[in-house]
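This is what each chain is made of:
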Amino acid sequence: MLERKLSSLEKHYYYRSELNVLSCIYLGVELNKIPTKAQLTSVLRQIILEYPQLHCNIFIDEKDGEPYIKSIDEMPILFDGVVEDITWSLESEANINRIFRDYKFPYHIEYPLWKVLINSSSRKMILIVDHILFDGMSCVEFWNEFISKLNAGSTDTQEFSNVLFTAKEDKISVPGFHPYENWPITLKYKVLRPIISKIFEWRPSLITSKNAKLVQFKNYVFPDSSMIERANKGGDYYAIKNDNCQCTLNVPTDELSDVLKTCRSQKVSLTSFLAALMCKTLEESVESKGYAGSLIKIDIPINTRKVCMLNLNCEPKGCKIGNFVAPLELQYNMNDCRNIWEVAKYFQERLYVQSVDNISDTINNVKLLDVVDNAEFIKEKLRVAGLPGTFEIT
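Model, not experiment: these values are computed from the prediction.

J.: Before we go on, may I ask you to explain the sheet that holds strand β16 (residues 391-392) in this structure?
T.: Pairing between sheet strands relies on hydrogen bonds along the backbone, with the strands arranged either parallel or antiparallel. Pairing is mixed across the open sheet formed by three strands, whose spatial order is β15-β14-β16. Edge strands, defined here as strands with exactly one partner in the open sheet, are β15 (325-333) and β16. Sheet analysis places strand β14 (residues 295-303) next to β15, joined by nine bridges and oriented antiparallel. By the bridge assignment, Pro301 is partnered in β15 with Pro327.

Written out as structure tokens, the structure is:
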């Protein structure tokens, strides 16, 4: 298969990027030493050949105007095009924002949707990807493959080559159909889908409106804030300023081990603990006059690879790289009298229900994107006054 249409989930990320409200995601590693250019060439070439997402881009079908995935087949992928040496620090607030501001991958051209930044002095490498074909776990898998192939030692005798991939010499393909396309639609959703479609067509605000009880910080209004603005007056193309406050918290390994041990003893995940910690901290540190509303909403995107392999018999290799996310949601009322571990245990129960007991509903909720206009859905969400959630843990 040399090309395929996007799934509705992939379309959602495509239009978010096209409207300029999403640029990239990234994940870094720190190595004992930076590989030589010859080693980098060999390892990257192997990974590109193994995972088609790394040699694809998104193009538009001239017949129906629909976006589709196609392998890059006219231009080679060059080392100089996907590897960039940098000298600036990867930890500073300005440079974290710099990555989100300056690294965005254009569609409809013969260029891959990823890049590696290398800071030799700090021995750090950053993988930057477009969210349409990758998620956070894809970045983890990329680095797992990279380090495994590097440690195998087969790259030691390789010579440097600027050409990493070319359709003339290498086998081209595209990722297989997204597993969500084959996820069964239950009777409940067979009834809901046409209803949702009509509601969105007639009165989209009923679908995109936020809960009126959500906490709204009085000095921070979205989207009419300093964070985002319309790049074209009166139009639908946005500009994210990417000048956010960024805080990096470095937790030593032994301390993190203690936290994880405590979470296990309390029978909660680190995610549930962090959600409870944030809620209790907001409750105790923010003055009541600084916000309106009482409900905190926490968004938690989950990795659905295991459930896709279990329920759809997907091949593990085919699930390593790709966009396998589904949203979970937790809610918390300010001034809750429970202690942090009681809240964490409640969150753990809610996460279990959504990710295990009701996983079919969770994925069918994602598949509701099938029945709405994705671009219009994103625009409608941006027109809603106020944040759709309080924070996200990913």
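J.: Sorry if this is basic, but what is going on with the side chain of Glu10 here?
T.: Tracing the sequence through the fold places Glu10 in helix α1 (residues 8-18). On the accessibility criterion, Glu10 (3% relative accessible area) is buried.

J.: Honestly, the layout of surface pockets in this entry has me stumped. Any pointers?
T.: Sizing a probe to match a water molecule and rolling it over the atoms shows the empty space that remains. Roughly 450 Å³ of internal volume is contained in the second largest pocket. Forming the boundary of the second largest pocket are 25 residues, of which Gln53, Pro175, Gly176, Phe177 and Gly318 lie nearest the centre. Class assignment for the residues of the lining of the second largest pocket results in twelve nonpolar, eight polar and five charged.

J.: Please explain the sheet that holds strand β4 (residues 67-71) as it appears in this structure.
T.: In space, the three strands of this open sheet follow the order β1-β4-β3, with antiparallel pairing throughout. If you trace the sheet from one side to the other, it starts and ends with β1 (3-5) and β3 (56-60), each paired once. Here the strands of the sheet are splayed against their neighbours by 30° on average, with no regard to which way each runs. Of the pairings in the sheet, the one linking β1 to β4 comprises three bridges and is antiparallel in character. Within β4, the residue paired with Lys5 across the bridge is Tyr68. Contacts between α1 and the sheet are confined to β1, β3 and β4, with β4 contributing the most and set at about 95° to the helix.

J.: Even after reading the chapter, I still don't get the pattern of salt bridges, so can you show me in this structure?
T.: Between side chains of opposite charge, pairing is possible as soon as their charged atoms come close. Across all of its chains, the model carries 26 salt bridges by this definition. One salt bridge in this structure joins Lys317 and Glu50, with 3.2 Å as the shortest N-O distance. Remark: Glu50 occurs in helix α2 (residues 37-50) and Lys317 occurs in the loop between α10 (305-312) and β15; sequence separation between them is 267 residues.

J.: Would you take a moment to explain the pairing of strand β8 (residues 124-129) for this structure?
T.: Two faces, one strand: in a regular strand the side chains alternate between the faces of the sheet. Burial runs high along β8: six of the six residues are buried. Residues Lys124, Ile126 and Ile128 point to one face of β8 and Met125, Leu127 and Val129 to the other, with burial holding for every one of them. Where strand β2 (residues 25-30) meets β8, six bridges bridge the pair, whose relative direction is antiparallel. Note that in β8 the partner of Gly28 across the bridge is Ile126.

J.: Looking at this model, I keep getting lost on the pairing of strand β7 (residues 114-119). Mind explaining?
T.: For β7, the tally of buried residues reaches six of six residues, placing the bulk of the element in the interior. Of the two faces of β7, both are covered, the one formed by Trp114, Val116 and Ile118 as well as the one formed by Lys115, Leu117 and Asn119. Where strand β6 (residues 83-85) lies against β7, three bridges are found, and the strand directions are parallel. Residue pairing across strands places Asp85 opposite Ile118, the latter belonging to β7. Between β6 and its parallel partner β7, the chain crosses via helix α4 (residues 93-102), and the hand of that crossover is right-handed. Relative to β8, β7 is paired through six bridges, and the arrangement is antiparallel. Along β8, the bridge assignment pairs Asn119 with Lys124. Hairpin connection between β7 and β8: a loop of four residues separates the two successive antiparallel strands, and Arg123 in this loop has a positive phi of roughly 60°.

J.: When you look at unusual backbone geometry in this model, what are you seeing that I'm missing?
T.: Apart from glycine, the bulk of residues carry a negative phi angle, and the bulk of peptide bonds sit in the trans form. In this structure, Arg123 takes a positive phi of about 60° despite not being glycine. With respect to the secondary-structure elements, Arg123 resides in the loop between β7 and β8. You will see that Asn313, though not glycine, has its phi angle at about 55°, which is positive. Note that Asn313 resides in the loop between α10 and β15.

J.: Where do I start with the state of the cysteines in this structure?
T.: Disulfide: a covalent bond connecting the sulfur atoms of a pair of cysteines. Throughout the structure, instances matching the rule amount to zero disulfides. This cysteine, Cys139, is not joined by any disulfide, and Cys24 carries the nearest cysteine sulfur, 9.7 Å off. Unpaired in this structure, Cys263 has its nearest cysteine sulfur neighbour in Cys279, at a distance of 15 Å.

J.: Before we go on, may I ask you to explain a nonpolar patch on the surface in this structure?
T.: Nonpolar side chains collect at one region of the surface, where Leu249, Val251, Leu256, Leu260, Leu270, Leu274 and Leu277 lie side by side and expose about 550 Å² of accessible area between them. Counting only elements with at least two residues in the nonpolar patch, the list comes to α8 (253-265) and α9 (270-285). Per element, the largest residue contribution to the nonpolar patch is three residues, and it comes from α9.

Cut-offs and rules
Residues numbered from 1 in each chain as written. Predicted model: local features only at pLDDT ≥ 70, side-chain atom pairs only at ≥ 80, totals over all residues. Heavy atoms only, no water. Pairing = 2+ DSSP bridges. Helix = DSSP H or I, 4+ residues; strand = E, 2+ residues; numbered from the N terminus. Buried < 20%, exposed > 50% of the residue type's maximum accessible area, 1.4 Å probe, protein only. 1 Å grid on protein atoms, 1.4 Å probe; cavity = no way out; pocket = protein on both sides within 12 Å on 5 of 7 lines; lining within 4 Å. Points joined across faces, edges and corners; volume = space filled by probe spheres on them. Nonpolar A, V, L, I, M, F, W, Y, C, P; charged D, E, K, R; others polar. Axes fitted to C-alpha atoms, helices over the stretch in contact; angles between N-to-C directions. Contact = heavy atoms within 4.5 Å. Salt bridge = Lys/Arg side-chain N within 4 Å of Asp/Glu carboxyl O. Right-handed = clockwise from strand over helix to strand, strands pointing away. Disulfide = S-S within 2.5 Å. Patch = residues over 30% accessible without salt bridge, like charges linked within 9 Å, V, L, I, M, F, W, Y side chains within 5 Å. Areas by Shrake-Rupley, 256 points an atom, 1.4 Å probe, with all protein chains shown as cover.

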